[in-house]
Each structure stands twice: as structure tokens, then as C-alpha cells.
Amino acid sequence: MKSLCLGCLFAAACLPLAAQTAAPPPAPSPPVSTPAAPAVIPPPFTSPAANYSGVSGPGQPVSGDGRGGWVSGAGGVTYSGPNPKPGWHLNWGTRANGSAITDGIIPPLIPLWDLHLRDTIITLGGDGKYYMTGSTGDNIWDRNDGIELYRSDDLKKWDYLGLVWSVEKDGPAWVKQWKTLHNLPVRDVWAPEIHYIKGNYYLAYCMASNGTGLLVSQSGKPEGPYVSPLKPDQRLGGGIDATLFQDDDGSVYFTNGGGGTIYKMKADMSGFDGPGHPIKFDPPADGSWTRASIAQEGASLFKANGKYYLGGAGFYKGRYSSVVAISDNIYGPYHDWHEAVPCGGGTNYFQDKDGHWWCAYFGNDDQSPFREKPAALRIEFDQNGLIHIAKKQPDFVLQESARGGKSIWSEGNTTVAAPTSASSTPSSK
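Below, the structure is looked at part by part. (Residues numbered from 1 in each chain as written. Predicted model: local features only at pLDDT ≥ 70, side-chain atom pairs only at ≥ 80, totals over all residues. Heavy atoms only, no water.)

**Section: the side chain of Glu148**
Residue placement: Glu148 occurs in strand S5 (residues 146–152). Buried and unpaired, Glu148 has no salt bridge, with Lys85 as the nearest side chain of opposite charge at 10 Å. Within the local environment of Glu148, its side chain forms a polar contact with the side chain of Tyr160, the two groups lying 2.5 Å apart. Excluding residues within four positions of it along the chain, Glu148 makes contact with Gly54, Val55, Ser56, Gly57, Met132, Thr133, Thr136, Gly137, Tyr160, Gly162 and Leu163. (Helix = DSSP H or I, 4+ residues; strand = E, 2+ residues; numbered from the N terminus. Buried < 20%, exposed > 50% of the residue type's maximum accessible area, 1.4 Å probe, protein only. Lys, Arg positive; Asp, Glu negative; His and termini not counted. Salt bridge = Lys/Arg side-chain N within 4 Å of Asp/Glu carboxyl O. Polar contact = N/O pair within 3.5 Å; in protein donor to acceptor, adjacent residues only side chain to side chain. Contact = heavy atoms within 4.5 Å.)

**Observations concerning the sheet that holds strand S23 (residues 370–371)**
The sheet built from 3 strands is open, its strands ordered S2-S1-S23 with mixed pairing. The strands lining the two open edges of the sheet, one partner per strand, are strand S2 (76–80) and S23. Looking at chain direction, strand S1 (residues 68–73) and S23 are connected through 2 bridges and run parallel. Among the inter-strand pairings, Gly69 is bridged to a residue of S23, identified as Arg371. (Pairing = 2+ DSSP bridges.)

**Concerning the nonpolar core**
If you look at the biggest cluster of nonpolar residues, it comprises 42 residues, and the most contacted ones within it are Ile122, Trp158, Tyr349, Ile379 and Ile387. If sequence neighbours within four positions are ignored, Ile122 has contacts with Leu112, Tyr130, Tyr131, Met132, Leu155, Trp158, Asn348, Phe350, Ala360, Ala375 and Ala376. Within the second largest apolar cluster, 17 residues are counted, among which are Ile262, Leu301, Tyr308 and Ile330. (Core = buried A, V, L, I, M, F, W, Y, C linked by side-chain atoms within 4.5 Å.)

**Description of the pattern of salt bridges**
Scanning the model with the defined rule gives 15 salt bridges in all. In this structure, Lys85 engages Asp138 in a salt bridge whose closest nitrogen and oxygen atoms are separated by 2.7 Å. Taken as a pair, Lys85 in the loop between S2 and helix H3 (99–102) and Asp138 in the loop between strand S4 (130–135) and S5 lie far apart in primary sequence, 53 residues in all. Accessibility expressed as a relative area gives 7% for Asp138, which makes it buried. Arg378 serves as the salt-bridge partner of Glu411, at 2.8 Å between the closest nitrogen and oxygen. Here Glu411, found in the segment after strand S25 (387–389), pairs with Arg378, found in strand S24 (residues 375–381); they are 33 residues apart in sequence, far enough to count as distant. Assessed through its relative accessible area of 42%, Glu411 is described here as partly exposed. Taken together, the salt bridges that share partners define one network made up of Asp247, Asp248 and Lys303.

**A look at the packing of aromatic side chains**
In this structure the tally under the stated criterion is 27 aromatic pairs. Centroid distance Phe254 to Phe272: 5.3 Å. Interplanar angle 50°. Geometry classified as tilted. Of this pair, Phe254 sits in strand S14 (residues 252–255) while Phe272 sits in the loop between strand S15 (261–264) and strand S16 (277–278), and the two are 18 residues apart along the sequence. In this structure Phe254 comes out as buried when scored by relative accessible area, which is 3%. Note on Phe272: relative accessible area 22%, which makes it partly exposed. Each ring, one from Tyr263 and one from Phe272, has its centre 4.1 Å from the other, and the planes form 15°; the classification is stacked. Judged by relative accessible area, Tyr263 falls into the partly exposed class, the value being 23%. A connected cluster of aromatic rings, assembled from ring pairs, spans Phe302, Tyr309, Tyr349, Trp357 and Phe381. (Phe/Tyr/Trp six-rings, centres within 6.5 Å; stacked < 30°, edge-to-face > 60°.)

**A short note on the pairing of strand S13 (residues 243–246)**
Pairing of S13 with S14, which is carried by 4 bridges, proceeds in the antiparallel orientation. Paired with Thr243 across the two strands is Thr255, which belongs to S14. Where S13 hands over to S14, the hairpin turn is made up of 5 residues, of which Gly250 adopts a positive phi near 90°.

**Things to note about the sheet that holds strand S9 (residues 189–197)**
The strand order S9-S10-S11-S12 describes an open sheet built from 4 strands, whose pairing is antiparallel. Taken across any chain shown, the strands that pair with only one partner, and hence form the sheet edges, are S9 and strand S12 (226–227). Judged from the 7 bridges that link them, S9 and strand S10 (residues 200–207) form a sheet pairing that is antiparallel. When the bridges of S10 are listed, Val189 appears paired with Met207.

**Considerations on the environment of Tyr331**
Mapped onto the fold, Tyr331 is located in the loop between strand S19 (319–327) and strand S20 (335–341). The spatial distance from the C-alpha of Tyr331 to the C-alpha of Gly276 is 9.6 Å, given a sequence separation of 55 residues.

What is shown is where atoms sit, not what they do.
This is the structure:
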């Protein structure tokens, strides 16, 4: 803006009135509309939308053995596959080299769907169909639009139900707040889970750097719409990786993070029914796990054969595995800490229509055959209640070369052979 001449303004003001009125009138100004209030602009994302989509979308059938995948993080996306985007790193190197298969500790696993999905969760719904969700979008350290959902009749073919809950359209005020992560603005949904409890569908989720939340379907259908049952409508608590569990008597429990505390929910799911119970457990005697909680993150809580299983994800011997401990009481103490599913990660355990137990899987270490893609494998319990990968797997979860009796893991092969010992050499991340 140019500076005004104060002397000229003063001289004009001191002219006689006649002289002032004799001046020709100024030309009429064109009408000026009142400008609208400027829109509130959120903090910029790290990368343009052409690089990172906020949704993963419907995915595609798996081609070949499903190798490759995504390694997403604050430094961007490293990718191996047919559809890279601008700005993605393609120097895949030895990532997801599948050494866990070579070492015989997991089957020759193949993804269920060629889809970018972290923190895979699979649940059998009240309608007899399977529902899958997890952290979606090209990079959950950059942008994420909300919670996406997938449905299947048989765990083999998946249909996309779309974005069932949007941060921008459906999120309350606390969800829409921008936070800082790795010195960058963030507003991302992490590790959402779908649960069928109390005859309805619930979504437990967390916002990066902003705590955990809970949603319930207004329609009683898995696709929602979803609203918060919490009173007041605010975050349920801090931390990440929220999960729910309904016990045989109908009581519902909440835990998150590494499973360090378990809370009982009120009967109407409007909040916690009292303070949380800190969880004690017996760490392995060999000193292979030294954290104060059973898991590092990705909490999981379920019940099988009358025993409670509490666990989550833990980096163990270079693998991002599913680790669990066992108790006869929901609040512990828990014992028999063990690596249940090598490379399984922060996922969940579920039963299929025939009563078989499964563990979901997504691959988040270099010993896995792929990374950040959804998968699942059958598990079994030994006489002490410890979890092991089932010796026989249905062919659709195995790579083509391992199906039809061509592998010791295939249901078509009746030969029972124990897996060889695993390498304990950590892989680079």
C-alpha cells in the first residue's frame, strides 16, 4: 500500500466550504459486493493428492504370489508393484524377502487381496459375512480420509463397501483437530477395527497423536452410518490401537496400545464403567521380551477354550509378530508370553463359520513375503493353550506353488512335518 500525503489531506480539509462544494462530484463507484468470509484452510498435507490418496479403494485380485507391496512412513512410500505413483520410491531391494517362509516358521502365504491395508482386522458379522478394515490410504503418516470397509462371503473374494465413516463429514470436533507427528501436520485414522457385539456393529479407532474413539452403527448394518455412543461425545482416551472384546456374560472390555490396561465398558457403551485395571504378566524367562506391557502396540483381546488371550504386535527377532499371553481371568495376571504368529503384526484373531480359529496378517517386516497387504492364516491351540500356526492351511491362503499337496502346509498333503527353526537375525527396516 502507498503512503498517504498527510499535508494534502490537511489542506483539503481547511478549504472554505464554498470551495469544497464547488468541486465536481466524484464519479459513482461501481457496486461492491460484500466478500464472503474466507474458508478455514487446514494445514497442508506433506505431499499432493497425486502422490498420496486418502483412501485405498477396492483393490484387485492377487497376481502371482503377491510379492512386493508398500512400505509407508514419514519418509514417504517405497513400493514394489505395477501401479506406482509420482514421488514414490521404487528401490525395493531386499524388503519382504520371505525368509520366514524359507526358515519354515510361516506358510508360503499369499495376500487375500492386492490392496494397501495396514493393521488388518477381519470379523465374522451377525449376517454370516466377513468384514475387513484397517489403516487405509497411500500413506497414513500423511493423509487419510476415514474408515473403509470390505465384505466377503468366504474370505476369498472381497467387495468394497467404500468409506463408511469420513473424518471431514462425520468426525466430531476433536477428530478434526490437526496434530503434529514427525514435525508435520497430521489428521489420520489409524488401526480402525470392526466388532460385532451386542447385536450391532462397532468401530474402535484412533487418531494419530490424538487418542482413541468409538462408533456404533445407527442402522444396525456394517456400512453404517456410524455415530459415537460416548457421552459426552469426545475421545475415549489417549494412546493408539483401540480394541473391544465381549465376554460370555455380555460384558464388553476395552484396551489399547500394548494392552497395559483393561477397562470395562458401561452397559450402554457410553464410556468406561470405572477405572482401568493395570495388567500384570510374566515375561519370558529367557529375557527375549523386556517391555512393561505384553505387546508394543496393536492390542488384541479374545477368549478361546475358556482362556483369555491378551496381546498385540511386537518386534521380536527381527519380525513384527503377533505376541500373546494367557490368563484364566480377564484382568490377569497373564502368563506364557509367546510369539504366536511370526510376522503377524498388529491384527486380530477370529473364528470362521465352521469354528476354525484364524489370525489376520498384514506384513510389516522384511522376513514377510509381502508388506502392507491383507492376509490371514489358520491357527491352533496346543494342550497348554499356546497358539501355533496350524500345520495345514486351506489352499486359497497359500501361494500357487504350495497348493494341492505340493507343500507340507497344504491340506492336500497328509504328511506332518515340523517347521525348521527360524533365523534370529534382525532384518533392516
